[in-house]
Amino acid sequence: MIDIHLEGNILSVPDDATIKELIPLSARTELVCGAYVNNIVKSLEFSVKNGDDVRMIDVRDEVGMRIYFSTLLLIFSKATHNVFPEKEISISYSLGGGIYCEFKNREPMTVETIETIKQEMNSIISREIAVQKLKIPWREAYLFMRHHKVSSATNPDLMVYVHAREITLYEL
């Protein structure tokens, strides 16, 4: 057992306890999407260590809403790829608080298309697949984005301006 500080309370928890496992012990139990651990944002899969200071993040927080929004875009992208692997999507941000998405060939998204994507998104969510954070070399990330024809804020052509050795990507 280890001792942690959870929102001002000292608790003894198992050595390998994750943020996700701490949620029921928190004052915030709904729509928790991460936590500040020693003032650094961590995922639900992060294992706490002895002496850690933990504060839950939910969608009422600005950071929580960004985590939620990014995760929803990842699920949307994965679901669309699963049901329409031959189609490329373009995601454009912020239209009155929402997102504008379209198929690259300007083919309209029908009600049936949207419903199919929505069902696949619900399927992905119901399986509670953990989002994996990957740190990969810049060149590998660039080639991955070119191969998969990624477009949006992570356009591979914009990567020539990134001067980092590693790039963080997320996968389901």
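Attention in this report is confined to the structure presented alongside it. (Residues numbered from 1 in each chain as written. Predicted model: local features only at pLDDT ≥ 70, side-chain atom pairs only at ≥ 80, totals over all residues. Heavy atoms only, no water.)

### Some thoughts on the nonpolar core
Next up, step 1: In this structure, Ile4, Val13, Ile19, Leu22, Val48, Val54 and Met56 are the most contacted members of the largest nonpolar core, which totals 14 residues.
Next up, step 2: Of all elements in the fold, only β1 (2–6), α1 (19–22), β3 (32–37) and β5 (53–58) reach the threshold of two or more residues within this core.
Next up, step 3: When residues no more than four places from it in sequence are discounted, the contact partners of Ile4 are Asn9, Ile10, Leu11, Val13, Leu22, Val48, Lys49, Asp52 and Val54.
Next up, step 4: Within the second largest apolar cluster, 12 residues are counted, among which are Leu73, Phe76, Cys101 and Ile124. (Core = buried A, V, L, I, M, F, W, Y, C linked by side-chain atoms within 4.5 Å. Buried < 20%, exposed > 50% of the residue type's maximum accessible area, 1.4 Å probe, protein only. Helix = DSSP H or I, 4+ residues; strand = E, 2+ residues; numbered from the N terminus. Contact = heavy atoms within 4.5 Å.)

### Here's the deal with the packing of aromatic side chains
Aromatic ring pairs are described here by two measures, namely the spacing of the ring centres and the angle between the planes.
Next up, step 1: Scanning the entire structure with this criterion turns up one aromatic pair.
Next up, step 2: Both rings, one in Phe84 and one in Phe103, keep their centres 5.9 Å apart while their planes meet at 80 degrees; by these two values the pair is edge-to-face. With a gap of 19 residues between them, Phe84 in the loop between α2 (62–83) and β6 (89–95) and Phe103 in strand β7 (residues 98–103) connect regions that are remote in the sequence.
Next up, step 3: On the basis of relative accessible area, Phe84 is assigned to the buried category, the value being 16%.
Next up, step 4: Overall, Phe103 belongs to the buried group, its relative accessible area being 1%. (Phe/Tyr/Trp six-rings, centres within 6.5 Å; stacked < 30°, edge-to-face > 60°.)

### Focus: the sheet that holds β5
Next up, step 1: With respect to topology, five strands assemble into an open sheet ordered β2-β1-β5-β3-β4, the strand pairing being mixed. The open sheet has two edge strands, β2 (9–13) and β4 (40–42), and neither has a second partner. Geometrically, the sheet is characterised by an average inter-axis angle of 35 degrees between neighbouring strands, direction not taken into account.
Next up, step 2: In the sheet, β1 pairs with β2 via five bridges, with the strands oriented antiparallel. Residue pairing across strands places Leu6 opposite Asn9, the latter belonging to β2.
Next up, step 3: Taken strand by strand, α2 contacts β3, β4 and β5, and its axis lies near 60 degrees from that of β5. (Pairing = 2+ DSSP bridges. Axes fitted to C-alpha atoms, helices over the stretch in contact; angles between N-to-C directions.)

### Considering the packing of α2 against helix α3 (residues 111–126)
Next up, step 1: Between α2 and α3, the shortest axis-to-axis distance is 8 Å and the interhelical angle comes to 115 degrees. When you trace α2 past α3, the crossing you get is right-handed. Between α2, through Leu72, Ile75, Phe76, Lys78, Ala79, Thr80, Asn82 and Val83, and α3, the contact on the second element is made entirely by Thr116, Ile117, Glu120, Met121, Ile124 and Ile125.
Next up, step 2: Split by residue class, the contact of α2 with α3 holds nine nonpolar, three polar and two charged. (Left-handed = near helix turned anticlockwise from the far one by under 90°. Nonpolar A, V, L, I, M, F, W, Y, C, P; charged D, E, K, R; others polar.)

### Considerations on the side chain of Glu120
Next up, step 1: With respect to the element layout, Glu120 can be found in helix α3.
Next up, step 2: One buried charged residue, Glu120, remains without a salt bridge, the closest side chain of opposite sign being Arg127 at 4.0 Å.
Next up, step 3: Leave out the neighbours within four places in its chain, and Glu120 touches Ala79, Asn82, Val83 and Arg127. (Lys, Arg positive; Asp, Glu negative; His and termini not counted. Salt bridge = Lys/Arg side-chain N within 4 Å of Asp/Glu carboxyl O.)

### Considerations on the environment of Ser77
Next up, step 1: With respect to the helices and strands, Ser77 occurs in helix α2.
Next up, step 2: A relative accessible area of 27% places Ser77 in the partly exposed class.
Next up, step 3: In sequence terms Ser77 and Ala130 are 53 residues apart; their C-alpha atoms lie 15 Å from each other.

### Some details on unusual backbone geometry
Next up, step 1: Look at Leu31: it is not a glycine, yet its phi comes out positive at around 55 degrees.
Next up, step 2: Mapped onto the secondary structure, Leu31 falls in the loop between α1 and β3.
Next up, step 3: Positive phi is not limited to glycine here, since Asn38 has a value of about 55 degrees.
Next up, step 4: With respect to the element layout, Asn38 can be found in the loop between β3 and β4.
Next up, step 5: Its relative accessible area of 39% is what places Asn38 among the partly exposed residues.

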